[in-house]
Amino acid sequence: MLSCAAFTEENPTDRRVLVLLEDLAIESTHSLFFKSLSDRGYELDLKLSTDPKLALQRYGEYLYDALVIFSPSVEKLGGSLTSEAVLDFVDSGHDLILAANSTTSQFIRNLAAECGVEFEEDFDSVVIDHLSFDDARDAKDHSLLAAKNLIKSKVILGAKEIQAPILYRGIGHVVSPANSLAIKVLTASSSAYSANPNAVLASPPALTGTSIGLVSVVQARNNARILISGSLDMFSDNFINSPVRITGSTERFDKSGNQEFVDELSKWVFHERGHLKAVNLQHHKVGESGEPSMYRITDHLEFSLEIYEWTGKNWQPYQADDVQVEFYMMSPYVLKTLNHNGKGKYETSFQVPDVYGVFQFKVDYKRLGYTTLDLSKQIPVRPSRHNEYERFIKAAYPYYGGAFSMMAGFFVFGIAFLYHK
C-alpha cells in the first residue's frame, strides 16, 4: 500500500492516484501534467494498463483514492480491473479521469457510457472545424481544434479566466439533456462537426455544432467526480507548450491554455475545490439553548448550521445567500432562506405551523460544481394540551356572546311568560 495520507472526511483531497498508461512513453510525453499533480502532493502510481497484477483493493480496502486511465485503445484492463470493478470504485465515492482519442476501444466507450457520456458511434470519426482550428499547425484536415467554448463556472475552472484557446484533437461525445449529473465543460464551436476526415460525407454528420462535447465532468450522487475527455493529446506536453493561432484571426498566443485548463479541472475532480461540508446542525426554542425532544404547534424556534468549503489545504467558511431550510412533512410547510454571518454560520427563525405530526428539518443544497449537501433531522410536533390553551380565546368571543345572549333571552322570556297577562 502507498504510504501517504488517504482521502478522509476531514481531508477530502485525493492523495493516492493510480495512473494506467497504454504505453510507458506516455509518462514522458505527458510529464507536465503528471508533474503538476506530484507538485500538489499527489502520490502517483504509474502502471501499464495491461499489467496482470493490477488491483484497486486488497482485503476489502481500496488502495487508491482516484484512478486515471490514459489507455484509449485498450480492450481489457489487466489484473482484477474489469469495467465493473472501475464502476464499483466510483460508486464507493472515488474519482476517475478517463481520456480517449481516435483509437478508442469499445471497452473505454462502454465505460464512458456507464458514466453518462456517449462517444461518437463511428470509430473513424473525429471532430473537425474549418473555422476554429490551429492555423499554424493544421493545414490539412482541420481536426486540431482551438476551442474556447468553456463553461462559465469559477468553481470548476477556477477564479481566473482562461484566455488562450484549448488545443484539442480527438473524438466528440454527447450528454443526454435529461442527465443532470453530467456537465459539458468544453464544447465545440457552432461550425464543428464529427466525421471521418479521410472520407467524403455521403450524409449529414450525426454530431454538429455546440452539441458536440469535447470535455465533460460528472458529479455522482455520492459526490464522486469523473472527468471524461475525447482527447488524450490535450494533456500532452506538446499541446501544453504549443503556440496557438486561430485561423482567420490576427491574435496569436505564445502558449495554449491547456496547462491551466487541465490543472484547474484536475483540482476540481480531486476535490481541491467545490467540496462542502455542513456541521453543528442545531435547533431550539427562541430564548432557550437546549434542543427539545419535540415542539408544540405555534412555537417559535431558531435553526442554525455551519457550512465550510475545502480549499485543498484547509476548511474555509462558505458564503452564499441561497441556502434554504425546509420544515417538511410530506411537503414543505415552511421554507426559509438562511442568513449567514460571513464566518460559516447560517441561521434563521420561524414559527412552527399549526399542524401536528412528525416533521423534518431538511437542507438540500445542490449548486453547479459543488458537492451536494443533503441533511435532515426529524422532530415531532404535538398539539397543545388541554391546560395549555388560554382561558379565554379571542377567536371564541362570538360564541361566548351567543351563549350569554341566549341565557339573557331565556331569562327575559321566562319573566314575560310568567307575569304577562
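Residues numbered from 1 in each chain as written. Predicted model: local features only at pLDDT ≥ 70, side-chain atom pairs only at ≥ 80, totals over all residues. Heavy atoms only, no water.

1. What to know about the overall build of the protein
Then comes step 1: Within the protein, the regular secondary structure consists of eight helices and 28 strands.
Then comes step 2: Against the compact-globule benchmark of 22 Å for 421 residues, the protein has a radius of gyration of 31 Å, which places it well outside the compact range.
Then comes step 3: With the principal axes as the frame, the protein shows a C-alpha extent of 125 × 50 × 35 Å.
Then comes step 4: Taking all contacts inside the protein whose residues are at least 6 apart in sequence as the whole, residues at least 24 apart take part in 71%.
Then comes step 5: With an accessible surface of roughly 21600 Å², the protein has 52% of that area assigned to carbon and sulfur atoms. (Helix = DSSP H or I, 4+ residues; strand = E, 2+ residues; numbered from the N terminus. Rg over C-alpha atoms; globule rule 2.2 N^0.38 Å. Contact = heavy atoms within 4.5 Å. Areas by Shrake-Rupley, 256 points an atom, 1.4 Å probe, with all protein chains shown as cover.)

2. Observations concerning the side chain of Arg225
Then comes step 1: The topology assignment puts Arg225 in strand β16 (residues 225-229).
Then comes step 2: Although Arg225 is buried, it makes no salt bridge; Asp95 carries the closest opposite charge, 6.1 Å away.
Then comes step 3: A polar contact is formed between the side chain of Arg225 and the backbone oxygen of Arg273, at a distance of 2.9 Å. (Buried < 20%, exposed > 50% of the residue type's maximum accessible area, 1.4 Å probe, protein only. Lys, Arg positive; Asp, Glu negative; His and termini not counted. Salt bridge = Lys/Arg side-chain N within 4 Å of Asp/Glu carboxyl O. Polar contact = N/O pair within 3.5 Å; in protein donor to acceptor, adjacent residues only side chain to side chain.)

3. Focus: the packing of helix α3 (residues 83-91) against helix α4 (residues 106-114)
Then comes step 1: The interhelical angle for the contact between α3 and α4, taken along N-to-C directions, is 30°, at an axis separation of 11 Å. The orientation of α3 with respect to α4, classified from their angle, is roughly parallel. The crossing of α3 and α4 is right-handed. Facing α3, whose interface residues are Ser83, Val86 and Leu87, α4 presents Phe107, Leu111 and Glu114.
Then comes step 2: A breakdown of the residues in the contact of α3 with α4 according to their chemical character gives four nonpolar, one polar and one charged. (Axes fitted to C-alpha atoms, helices over the stretch in contact; angles between N-to-C directions. Parallel < 35°, antiparallel > 145°, perpendicular 65-115°, else oblique. Left-handed = near helix turned anticlockwise from the far one by under 90°. Nonpolar A, V, L, I, M, F, W, Y, C, P; charged D, E, K, R; others polar.)

4. A look at the packing of aromatic side chains
Then comes step 1: Under the criterion given, the structure shown has 18 aromatic pairs.
Then comes step 2: With 5.1 Å between their ring centres and 65° between their planes, Phe33 and Phe235 make a pair best called edge-to-face. One end of the pair, Phe33, is in helix α2 (residues 31-39); the other, Phe235, is in the loop between β16 and α6 (237-241), with 202 residues separating them in the sequence. Just as Phe33 is buried, Phe235 falls in that class too.
Then comes step 3: A ring pair is formed by Tyr397 and Tyr400, whose centres lie 5.8 Å apart and whose planes are at 50°; its orientation type is tilted. Remark: Tyr400 and Tyr397 occur in helix α8 (residues 397-419); sequence separation between them is three residues, near one turn of the helix.
Then comes step 4: A connected cluster of aromatic rings, assembled from ring pairs, spans Phe303, Phe327, Tyr333, Phe350, Phe359 and Phe361.
Then comes step 5: Of note, Arg15 hangs over the ring of Tyr42, and the distance from its end group to the ring centre comes to 5.4 Å. (Phe/Tyr/Trp six-rings, centres within 6.5 Å; stacked < 30°, edge-to-face > 60°. Lys NZ or Arg CZ within 6 Å of the ring centre and 35° of its normal.)

5. Considerations on a nonpolar patch on the surface
Then comes step 1: Where nonpolar side chains cluster on the molecular surface, the patch consists of Phe411, Val412, Phe413, Ile415, Phe417, Leu418 and Tyr419 and spans about 890 Å² of accessible area.
Then comes step 2: Position of Phe413 relative to the elements: it lies in helix α8.
Then comes step 3: In this structure Phe413 comes out as exposed when scored by relative accessible area, which is 56%. (Patch = residues over 30% accessible without salt bridge, like charges linked within 9 Å, V, L, I, M, F, W, Y side chains within 5 Å.)

6. Remarks on the environment of Asp134
Then comes step 1: Locating Asp134 in the fold gives a position in the loop between β8 (126-129) and β9 (145-147).
Then comes step 2: With 57 residues separating them in the primary sequence, Asp134 and Ser191 have C-alpha atoms 14 Å apart.
Then comes step 3: Once you skip the residues sitting within four places of it in the chain, Asp134 turns out to touch Leu144, Ala146, Leu167, Pro243, Val244 and Arg245.
Then comes step 4: Here the side chain of Asp134 touches Arg245 through a polar contact of 3.2 Å, landing on its backbone nitrogen.

7. Things to note about the pattern of salt bridges
Then comes step 1: For the structure on display, the rule yields 10 salt bridges.
Then comes step 2: As a salt-bridge pair, Glu272 and Arg40 come within 2.8 Å of each other at their nearest N and O atoms. Placement of Glu272 in the loop between α7 (258-269) and β19 (275-285) and of Arg40 in the loop between α2 and β2 (43-48) is noted, with a sequence separation of 232 residues between them.
Then comes step 3: The salt bridge partner of Lys377 is Glu291, with a shortest N-O separation of 3.0 Å. Separated by 86 residues along the polypeptide, Lys377 in strand β28 (residues 373-382) and Glu291 in the loop between β19 and β20 (295-296) bring together distant segments of the chain.

8. What about the domain arrangement of the protein?
Then comes step 1: For the protein, the assigned domains are domain 1 (16-270) and domain 2 (275-382).
Then comes step 2: Measuring from the centre of the C-alpha atoms in domain 1 to the corresponding centre in domain 2 gives 38 Å.
Then comes step 3: Facing the nine residues of domain 1 at the interface are six residues of domain 2.
Then comes step 4: Buried surface at the junction of domain 1 and domain 2, summed over both partners, amounts to about 610 Å²; 56% is from carbon and sulfur atoms.
Then comes step 5: On the domain 1 side of the interface with domain 2, the three residues burying the most area are Val155, Asn223 and Arg225, jointly 59% of the side's total.
Then comes step 6: Connecting domain 1 to domain 2 are zero salt bridges. (Domains from an automatic or database assignment. Buried area = accessible area lost by both parts, 1.4 Å probe.)

9. Observations concerning the sheet that holds β28
Then comes step 1: With mixed pairing, the five strands of this open sheet are ordered in space as β20-β28-β27-β23-β24. Two strands close off the open sheet at either side, each with one partner strand: β20 and β24 (331-337).
Then comes step 2: Bridge analysis of strand β27 (residues 357-365) against β28 gives nine bridges, and the strand direction is antiparallel. Note on β28: the bridge partner recorded for Phe361 is Lys377. (Pairing = 2+ DSSP bridges.)

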